[in-house]
Amino acid sequence: MTPKKVQRKEKEEPRIGVYVCHCGLNIGGVVDCARVAEFAAGLPGVILSKDNLYTCSEPGQELIKADIKEHRLNRVVVASCTPRLHEPTFRAACEDAGLNPYLFEMANIREHCSWVHLHDKEAATEKAKDLVRMAVARSKLLAAQEPLEVPVTRKALVIGGGVAGIQAALDLADSGYKVYLIEKDPSIGGRMAQIDKTFPTMDCSICILAPKMSEAGRHPNIELLTLSEIEGVEGYVGNFTVQVRKKARFVTDSCTACGDCVKVCPQVAPDEFNAGLSMRRAIYMSFAQAVPSTYQIDMDLCLNKHGIIACDKCFQACQRQCVDYSQQDQILTLDVGTIIVATGVDVYDPTPLTEFGYRKFPNVITSLEFERLINAGGPSGGNLIRPSDQKIPKTVAFLQCIGSRSKRSNIYCSNICCMNTIKDALLIKEHWPETKILVFYIDIRAFGKGFEDLFQRARREGVSFIRGVPGEIIEDPETNSLTLIGEDTLLSQLYRYEVDMAILSVGIEPRKDSPVIQRLLNLSCAADGFFLEAHPKLRPVDTPTGGIFLAGCAEGPKDIKDSVTQASAAASRANILMAQGKVIVEAITAVVDETLCQGCGMCVKVCPYSTIREDPETKIAQVTQASCAGCGTCVAECPFSAITQRHFTDAQIFAQIDAITEEAPETKAVAFCCNWCSYAGADFAGVSRMQYPTPIRIIRTMCSGRISTEFIEYAFRRGAAAVLVSGCHIGDCHYINANHQTEKRVNRVWKKMERLGLDKNRLQLAWISAAEGNLFARKMKEIDEIIQGVTPEEIEKTKQILVPKKKGKGEGTEPKE
Amino acid sequence: MLKSIWELFNKEDLFECYQCARCTGSCPAAMVMKCYGPRETLLRCLNLGQEAVINDERVWYCTTCHVCEDRCPQEINISELLTAIFNLAAQRGNLPEKIKFGVDLIAKTGRSLIVNEKVLKDRQKLSLPPLDPLNIDEIEGILKKTGLNDAIELS
Amino acid sequence: MKYAFFLGCVIPVKYPGFEKATREVMKVLDIELVDLPFSCCPAPTNMKLAHYDTWLALAARNLCLAEEAGLSILAMCNGCINTLKEANLILKEDLQRRNQVNLALEGSGHCFNGTIEVKHLLDVLYKEIGLERIAEKVQHPLDGIRIGCHYGCHLYRPPRLMYPDELSEAASYVPVSMDQILTVLGAQPTQYSRKFLCCGSALGTNIDAQAANEITREKLQHMKKHRIEAVSVACPSCFSQFDRGQMMLERKHHDGFNLPTLYISQLLGLAFGLDRPNLGLGDHRISLQPILERVGRSS
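Residues numbered from 1 in each chain as written. Chains lettered and ligands numbered in written order. Predicted model: local features only at pLDDT ≥ 70, side-chain atom pairs only at ≥ 80, totals over all residues. Heavy atoms only, no water.

What follows covers the pattern of salt bridges. All names here are of chain A. One pass over the structure, following the stated rule, counts 81 salt bridges over all chains. For Lys50, the salt bridge is made with Asp67, and the minimal N-O distance between the two is 2.7 Å. Of this pair, Lys50 sits in strand β2 (residues 46–52) while Asp67 sits in helix α3 (residues 58–70); the two residues are 17 residues apart in sequence, bridging distant segments of the chain. Owing to a relative accessible area of 25%, Lys50 belongs among the partly exposed residues under this scheme. (Salt bridge = Lys/Arg side-chain N within 4 Å of Asp/Glu carboxyl O. Helix = DSSP H or I, 4+ residues; strand = E, 2+ residues; numbered from the N terminus. Buried < 20%, exposed > 50% of the residue type's maximum accessible area, 1.4 Å probe, protein only.)

Now the structure itself:
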């Protein structure tokens, strides 16, 4: 794919049509629309200018189409509501009339003008004129653009073979796509395979999982790669190339799982699948229902680990001669179009909480260990026994929130532990009804379907719920029984309960190796370490990187049902891409002018998507168009103006600044707002009719990362009284973390202003979310006060001394005044 | 003068408490005395205000062992909250006699125990250096500046 | 190695024998101790509770005396450690507090600069001198006596102030120094339930001695259950609880614990074979006889 050359200059003269919308009385009741239209008619390049009642209505659109044809308009400007609402409508109308949709421009005179200045009609009309002037100025520099179509490879990769990964793989495979299912353990199944029963239905976990596991194992469209890990990922949406290390198993596929080899193996180690509660051999199969049903050798444990055959007992025992000590790791290269990350979770290790005595007292165990103990396939054959004496306990305590909701471990609620404990308590009651069960909790969170019922059932069956987690567990040195010391907060009295066994209901946490996956796939993580979704409400299974989706606990703690739901959702999202077979990339991507690029690498550093790379020989930057999200951060960073963002060019933005500062700049503030948060926040202030002063003029960019220091300085040099740079809150950026660059740049300008003795208060930086209309309005009032305080001398001084730094030749150099 | 415990302790920090009771569950004083324990003390401060605790002589049942803070899953600096409560209580005249005596003695001699003839003799027997009186003017000068006498009524 | 020797109030007045033992043991280990005109630390169980600003300023004065002598502080009492370590940390980190305190110190001619460290005897032994050098000096190993260590809360709590650089994964701290030292002395440090429970001292001295003793009793019961023969402490207040408090408990409950309690320097002195009169063994209410017989130092 070669990026399209930007059209530098339109050859034909601009013929602009301007339409000022009354929006009934919404705009017309405040702004004198006829006067605005009359004003627009006098602007250079404007061929016709009209005001009408509802521009978005059918007749309104028809009028535009007719004018385009009749007056040979090559630009259309509509002054009405926010482009976030009707830009697609008018673009479509233009396209209908044969005008490239990228030649359409909007001025927002409703949300940003009439609705927020209801009581100052004169000032609102003046502001509307400015907004139209800005739109007209920008429209002149717009260029026709063609969106890019990228083909999508119709194969998917699913990372992680837990229940989420299995579900996603099966859904995609059933839809007819080839799926690679990668699992780092010897078998698929994940955490669910370790659990005895599931809540709230009390189904046997492996009984419902095993059929799905074998289905995944034999599905013609699924290629199962166990003992495999991702080592490298390249490419972009629809076109990923993935390197996978398939570790040597030392047992070939012809293994029938007869188990003859195990009997002769001399080496033992704690069994991971049974949470270390039993031992396994060096040659082993993790559990009876394992898929693939093939043994493997743990070479770290095997006597042959140094490549010398010191023991060949298993080889001798195997009639089918499946043992192969010389097997090597394989590196596979897979081409896939979509990737689903279902890497799951680790379980919190409570050893650091010394007051509970885990690992010190044998009868203090974790909830995962409990699952293996109560499971018929576990080390005790399903008998709940005390590790100290193998006796069945008469009194059992569960301690909730261990390793969750705590600054000492993980601050979040692990979501599953309450219900898991209730389920476990009922399981004990089912097998040994006489057992006394105490649950020490802080809050019982039984929020899901059927959860509250189960909680009530546990109480009716005699499980005691005591509010207040013990401060300490102590052990009787002779009996190994435990005493729990704590406070019952509901009775406000201290307790001492003697129990035979205590189960720490441990939380779940991100995989220790998830930073590796994060780096390889260029994902982002939330503060808690789980992978971040593209949008918490509306794109909950997408990642910010196109073509990569999340399923299961990798995104956050969740139960089996939610994991499966999310897996199907992720599969469906991946399915959409692959079914279409292509992706459309909006024509707002960055393109490099190779004649100007000096190969400094600044753009490579700031790109949140790692989508720019340097040509190894020429060092010239290359932007992969398909994975460029169009934030413009690289454009703002380039010291040589060698990168342009299509549809958001430097020239267009400079033209908007010029338009704002053409008249009485000392009374105005130039604001740069990002499309997703702060511009939307300003829209929200408008929708909520929050009134604020009129001096602000907003320039919209996709991301605040697009704002270069030149824009800010240029606005000041043009005599603007104040400048506002505004974006999403740090951590909420819609382009991963591009707003970090915004912060850095504003800091740079602040420092420069300080150095030059200018009032740096005139440059404001504000993080405003789409929901914070009130914050936006408050900021506008603040800025108005700042403007009142700025003296003509200060403005004059700024014009004189805030000189531009020398730049390379390119579009980004400011226009000649 | 101290008017509110929130001058010494950031109230915001208390919102992180979800009343798990690991503090009171670990508290040695709560084990042997009828008292609120850290959990309830904290909740009272938060919901009812400082007046709900500072006039109560039971606030002083604390052994200052700080185990509450050590066990708090939310890392709330409970020991600092308690110090703030004690300081304000002391200022309101809610101060145990024995503490008042100790504070008074430090203010007068620089030491919290009385050094009598017997002590000096015992030390001499072990050929330990004598415990000379301290420069009390210096200490008094410091106490004047920190306002000990303005805050607490000493004998 | 040379330290400013912080005596505190309780040891030099009530238990001068501990001071003597410490001075003698440090002589053996080539540690020079310098006496300075320190005041009360002041205690975290009285002055700090009554008036924080005064507590901080007086602590700062003590720290300044050591700073002026160019020496870090070695203290024998957990109360002193708690005050001096916390004050030193706060004043080093919080410049606003430091300025306030220095203003209060102005007339006295002192100025806090934050140039020294404050260390408990246990940490000097364990981290500075090291177990190897201690082991070299052992002449009368402690015969595998089952000793229960009681560290005392003020030594290590709150961990964020006492051991900010050594916090565990759960941001806590579990001390091990005394157990390790006793091992090289030939004793058998023995774990027991509620090892890290408070002795109850502050409740006793400030409010209710009987109630405080009940806390100590809880500990003694667990020690007995774990067949512990003697208690080792690193603080005079804890000592008083286990020794004098145990005597009072015996009058009330007749538990018959009879657990001799020793200050860590006394155990070091015994193992090093130092002269008995120099170890202050006469100040104990619970007889040390069984222990002394075990290590062959009964006469």
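From this point, things continue past the structure.
Let's shift gears to the sheet that holds strand β10 (residues 239–246) of chain A. Residues and elements named next belong to chain A. With antiparallel pairing, three strands are arranged side by side in an open sheet as β9-β10-β15. The two strands at the open ends of the sheet, each matched to only one other strand, are β9 (228–236) and β15 (330–336). Each neighbouring strand pair of the sheet contributes to a mean axis angle of 20 degrees, computed without reference to strand direction. Where β9 meets β10, eight bridges bridge the pair, whose relative direction is antiparallel. Directly across from Tyr236, in β10, lies its bridge partner Asn239. (Pairing = 2+ DSSP bridges. Axes fitted to C-alpha atoms, helices over the stretch in contact; angles between N-to-C directions.)

Many analyses report the size of an interface as the accessible area lost when the parts associate. Counting residues at the interface gives twelve residues for chain A, matched by eleven residues for chain C. Buried surface at the junction of chain A and chain C, summed over both partners, amounts to about 970 Å²; 49% is from carbon and sulfur atoms. Per-residue buried area on chain A facing chain C is highest for Pro352, Arg408 and Pro477 of chain A; these three make up 44% of the total on that side. Connecting chain A to chain C are three salt bridges. Notably, a salt bridge pairs Glu218 of chain C with Arg496 of chain A, separated by 2.9 Å at the nearest N-O pair. Along the contact surface separating chain A from chain C lie five residue pairs in polar contact (both at pLDDT 80 or more). In terms of residues, the side of chain A that touches chain C owes the most to one element, strand β22 (residues 472–475) of chain A, which gives three residues. (Contact = heavy atoms within 4.5 Å. Buried area = accessible area lost by both parts, 1.4 Å probe. Polar contact = N/O pair within 3.5 Å; in protein donor to acceptor, adjacent residues only side chain to side chain.)

Next up on the list: the packing of α3 of chain A against helix α4 (residues 83–96) of chain A. Residues and elements named next belong to chain A. As a packed pair, α3 and α4 sit with axes 9 Å apart at the nearest point and diverge in direction by 35 degrees. Between α3 and α4 the crossing geometry is right-handed. The residues of α4 that touch α3, namely those facing Gln61, Ile64, Lys65 and Ile68, are Thr89, Phe90, Ala93, Cys94 and Asp96. Considered class by class, the residues forming the contact of α3 with α4 number five nonpolar, two polar and two charged. (Left-handed = near helix turned anticlockwise from the far one by under 90°. Nonpolar A, V, L, I, M, F, W, Y, C, P; charged D, E, K, R; others polar.)

All names here are of chain A. According to the stated counting rule, one finds one disulfide over all chains in the structure shown. The residue that forms a disulfide with Cys204 is Cys207, at a sulfur-sulfur distance of 2.2 Å. Of note, the bridge from Cys204 to Cys207 carries an S-S torsion of about 75 degrees and is right-handed in sense. Overall, the relative accessible area of 47% leaves Cys207 in the partly exposed class. Left without a disulfide partner, Cys255 is nearest to the cysteine sulfur of Cys322, which lies 5.5 Å away. The class of Cys255 is buried, set by a relative accessible area of 16%. (Disulfide = S-S within 2.5 Å.)

Any link to function would need more than the numbers given here.
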